[in-house]
Amino acid sequence: MSLKRASITAALTVLTLYALLIVSLGWFLDGTILRDTLFSERTLFAAQLSLTAATVATGLAILLAVPAAYGLSRYDFRGKAAAETVLEFPIIVSPAALGAIILIFFNNPLGEWVQNHIMQFVFTFAGIVLAQFVTVLGLSVRMLKAAFDEVPVELETVARTLGATPRHVFFTVTLPQAKNGMIAALILTWAKALGEFGATMMVAGTMAMRTETIPIAIFMRLSSADIEGTVAMILILVFIGLAALYTARRVLERKTYA
Amino acid sequence: MLEIKNLTTKVGDFCLDSINLSVDAGKCHAVLGPSGSGKSTLLNAILGVLPITAGCVWLDGEDMSRRPIEQRNLGYVPQHLGLFPHLSVRDNLLYSVRARKRPRIDWQPLFEKLVEVTGIGDLLERRISTLSGGERQRVALVRALMGKSRLVLLDEPFTALNESLRQELWWLVKELQRERELTVLLITHDLTEAYFLAENITVLINGRQEQNGETVNVYHSPATLAVAGFLGIKNLFSATVVHRSENHIVVDCTVLNHRMRLSGNAPVGAKIRVGILPENVALRDALHPPRQGEILLTGRVQLIQMKASVDIRFENLDRPLVVHISASQRLVKRFMLMDEQVGVTIGLPETALFWIPDY
């Protein structure tokens with residue numbers, strides 16, 4: 001088999017594998033149960049909680065990630081290599097371990113002080129946001145850094161010779177140039193936060209109608225052998241995830257300025 | 001106007017070492033050098049992108065060395081022009097006046113004048129991606145001038161253009177320079193461009209300032225072998241100093257089988273290279289007899305490259321050597337009538353000879 005044929009076959013195998021897994025959900029798909037599950041109070045709560053938590057976590061992550069990514073993209077500083085390496089941390093450490101780390105933190109004196117004097121995180125909405133925030137932050141910085149790397153430094157230098165301060169350059173040259181990459185990063189960060197399970201379960205627990213995000217709902221329904229309900233929840237997540245991926249791809253493919 | 005004193009800066013392992021140059025107001029100074037010679041490093045140090053490790057940059061009597069880029073008031077046209085693709089031509093041109101919040105009355109006349117001179121009036125509402133190469137160059141030039149800059153830095157901005165467009169833009173730069181009394185620092189590796197635009201040049205090689213001076217002088221008297229090599233001067237012959245007086249040396253050039261008197265000073269016994277520019281070599285025959293003070297060589301034509309050069313191999317010397325002759329219009333016509341391997345006599349006027357230390 002030629003290299004071309006072998007590589008195309010491999011690519012199509014990947015597509016087939018995921019498509020088969022999604023299509024196989026149809027075996028347990030029951031229209032009535034699907035409708036009842038989708039519009040049940042519990043599902044709507046899970047969807048609302050997931051969307052809210054993911055949006056807040058993404059917003060917080062972006063607030064920190066944009067300046068961090070710009071710093072990593074544009075400046076050399078002591079500790080830069082370590083900072084770049086640590087971005088991989090949430091990828092190499094399983095989300096469950098990440099959640100466990102957060103949980104353990106709140107059991108040390110500093111964590112307990114935070115819980116008692118600033119905000120309760122364990123088994124709360126704030127805990128869900130924190131778990132998602134920690135999980136997606138590294139990914140968010142990486143994607144935003146890639147977006148900033150795409151903007152030629154030369155444009156910023158020219159803008160400064162034209163009298164613009166670094167802040168003015170950032171808002172009038174860098175941000176408009178990195179816009180598409182940033183929007184794509186935002187969408188993917190949000191989708192990743194929405195699907196977060198391991199860390200959320202560790203920090204916020206699995207309490208129905210309280211800390212039950214969509215991934216937690218999938219786990220809880222499967223634990224109680226509610227296969228049809230599980231399938232319905234999975235389909236919600238798959239639909240949102242694929243829509244986010246499609247949108248991100250379209251944004252990235254869009255020519256910035258035709 | 002612009003004065004660079006002992007400027008030293010480092011980028012990784014590369015060091016730009018103790019650069020000194022000055023550019024008078026209203027003049028164009030070219031910094032020439034091969035790739036990797038440090039031209040862009042020098043430019044970045046002047047711009048303020050790179051920190052200076054020693055020395056200073058003075059502009060109009062002010063030390064700019066520690067000032068932020070935006071306070072240096074420099075016009076800058078980089079190699080890739082750096083036009084903002086998300087803005088229209090008009091917004092590109094007005095970027096500096098908006099960044100500096102200048103009142104309309106302050107910039108409107110200049111804007112209109114520059115747009116008229118460069119002929120970009122019809123492009124103002126267009127996106128950068130819709131412009132041709134030449135149009136982009138004009139927009140980048142006007143944008144750099146809109147800042148009322150004291151000094152304009154051109155970093156090989158014409159490299160990607162075809163020959164006719166480049167020459168057209170050279171004329172435009174000349175015109176703008178004269179009209180606006182611009183001071184220009186041109187970074188280039190193109191000798192023709194430097195000769196056309198600049199009154200003075202600095203030759204950088206491997207981070208070292210090899211030569212500084214008037215464009216014509218640098219070309220006619222390269223100071224080092226490295227400069228001669230960069231300028232493409234091939235006619236260099238080994239010689240030894242056999243006598244010295246106050247302002248002259250007598251050298252013995254065994255390759256040319258000739259002893260000659262040259263101006264300058266070097267210790268007796270010093271090894272030097274005697275050189276002559278290709279265009280100063282004259283073809284001699286019955287119609288064009290040798291002149292007084294010419295070194296005559298006879299040899300055979302080895303290679304004729306029309307409109308470029310003629311290489312002549314001299315087999316009657318102690319070793320074969322090739323003399324490179326630029327083909328002036330007159331010479332081309334005469335060589336076109338010759339076959340390769342034909343015997344010729346050439347004259348090297350002693351007054352046109354220069355020498356370079358080889359020690």
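Above this text is the structure in question.
The rules behind each value
Residues numbered from 1 in each chain as written. Chains lettered and ligands numbered in written order. Predicted model: local features only at pLDDT ≥ 70, side-chain atom pairs only at ≥ 80, totals over all residues. Heavy atoms only, no water. Buried < 20%, exposed > 50% of the residue type's maximum accessible area, 1.4 Å probe, protein only. Helix = DSSP H or I, 4+ residues; strand = E, 2+ residues; numbered from the N terminus. Contact = heavy atoms within 4.5 Å. Pairing = 2+ DSSP bridges. Patch = residues over 30% accessible without salt bridge, like charges linked within 9 Å, V, L, I, M, F, W, Y side chains within 5 Å. Areas by Shrake-Rupley, 256 points an atom, 1.4 Å probe, with all protein chains shown as cover. Salt bridge = Lys/Arg side-chain N within 4 Å of Asp/Glu carboxyl O. Axes fitted to C-alpha atoms, helices over the stretch in contact; angles between N-to-C directions. Left-handed = near helix turned anticlockwise from the far one by under 90°. Nonpolar A, V, L, I, M, F, W, Y, C, P; charged D, E, K, R; others polar. 1 Å grid on protein atoms, 1.4 Å probe; cavity = no way out; pocket = protein on both sides within 12 Å on 5 of 7 lines; lining within 4 Å. Points joined across faces, edges and corners; volume = space filled by probe spheres on them.

A. Fine view of helix α12 (residues 214-223) of chain A. Residue and element names in this part refer to chain A. Taken across its ten residues, α12 has seven buried, putting it largely inside the fold. Considered for burial, the residues of α12 that qualify are I214, P215, I216, A217, I218, M220 and R221. Those residues of α12 that are buried lie in contact with α2 (31-38), α3 (41-74), α10 (166-194), α11 (198-204) and α13 (227-253). A225 occupies a position one or two residues after α12 and carries a positive phi of about 60°.

B. Here's a closer look at the pairing of strand β2 (residues 14-23) of chain B. Residues and elements named next belong to chain B. Bridge count between strand β1 (residues 2-11) and β2: seven bridges; the pairing is antiparallel. Paired with L2 across the bridge in β2 is V23. Hairpin connection between β1 and β2: a loop of two residues separates the two successive antiparallel strands, and G12 in this loop has a positive phi of roughly 60°.

C. Geometry of a nonpolar patch on the surface. Residue and element names in this part refer to chain A. Residues V86, F89, I91, I92 and I101 make up a contiguous nonpolar surface patch of roughly 490 Å² in combined accessible area. It is helix α5 (residues 89-92) that provides the largest number of residues to the nonpolar patch, a total of three residues. Overall, I92 belongs to the exposed group, its relative accessible area being 68%.

D. Expanded view of the pairing of strand β13 (residues 258-263) of chain B. Residues and elements named next belong to chain B. Direction of pairing for strand β12 (residues 248-253) relative to β13: antiparallel, over a ladder of six bridges. Its bridge partner lying in β13, H248 is registered against S263. Hairpin geometry of β12 and β13 is characterised by an intervening segment of four residues between the two adjacent antiparallel strands and by a positive phi of about 55° at N257.

E. Inspection of the packing of α3 of chain A against α10 of chain A at higher detail. All names here are of chain A. One can describe the packing of α3 onto α10 by two numbers: an axis separation of 10 Å at closest approach and a directional angle of 140°. The hand of the α3/α10 crossing is right-handed. Residues S50, L51, A54, T55, T58, I62, V66 and Y70 of α3 form the contact with α10, whose participating residues are F170, T174, M182, L186, T189, W190, A193 and L194. Grouping the constituent residues of the contact of α3 with α10 by class yields eleven nonpolar, five polar and no charged.

F. Quick peek at the layout of surface pockets. All names here are of chain A. In this structure, the largest pocket encloses a volume near 700 Å³. In terms of lining residues, the largest pocket is bounded by 20 residues, among which L237, V238, G241, L242 and L245 are the most central. Elements with a minimum of two residues in the lining of the largest pocket: α1 (3-23), α8 (125-149), α10 and α13. Considering only residue class, the lining of the largest pocket consists of 15 nonpolar, three polar and two charged. Taken as a whole, the second largest pocket holds about 390 Å³ of empty space.

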